Amino acid sequence: MTLNRHQIQGLPEFKCTILDSNQFEKLMNDAGYSMSGTAPAQGNRIKVWWVHDEYPRVESIYSPDKKKVITAYHV
């Protein structure tokens, strides 16, 4: 649970290690990111990719129930 270890361009620094997925998605959308795809991830988690017109692509990892975002980082 390392959300606070990565800085996403266009977003304020995270002060928490996990975040409610609705809050995270609102932050991403408000910053101009769009969800571009999903895939299964290790440990039954869900991987979600985000794209932006100016910033590098972001990969985020959600909990198996997709209610929490565990980490997100530029790839």
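Let me begin by describing the structure that accompanies this report. (Residues numbered from 1 in each chain as written. Predicted model: local features only at pLDDT ≥ 70, side-chain atom pairs only at ≥ 80, totals over all residues. Heavy atoms only, no water.)

### Overview of the environment of Gln-23
Logical step 1: If you trace the backbone, Gln-23 turns up in helix H1 (residues 21–30).
Logical step 2: A relative accessible area of 46% means that Gln-23 is categorised as partly exposed.
Logical step 3: For Gln-23 and Lys-68, which are 45 residues apart along the polypeptide, the C-alpha to C-alpha distance reads 9.3 Å. (Helix = DSSP H or I, 4+ residues; strand = E, 2+ residues; numbered from the N terminus. Buried < 20%, exposed > 50% of the residue type's maximum accessible area, 1.4 Å probe, protein only.)

### Brief notes about H1
Logical step 1: By the burial criterion, the buried members of H1 are Ser-21, Phe-24, Glu-25 and Met-28. The buried residues of H1 occupy an angular sector of 95 degrees when projected down its axis, which confines them to one face. Facing away from the buried side of H1, by more than 90 degrees, are the exposed residues Asn-22, Lys-26 and Asp-30.
Logical step 2: As for H1, its buried residues are in contact with strand E1 (19–20), strand E2 (34–40), strand E3 (46–51), strand E4 (58–62) and strand E5 (68–74).
Logical step 3: N-capping of H1 is provided by Asp-20, with a side-chain oxygen placed 3.0 Å from the backbone N of Asn-22.
Logical step 4: In the segment just after H1, Gly-32 is the residue with positive phi, at about 95 degrees. (Arc of directions from axis to C-beta. Contact = heavy atoms within 4.5 Å. Polar contact = N/O pair within 3.5 Å; in protein donor to acceptor, adjacent residues only side chain to side chain.)

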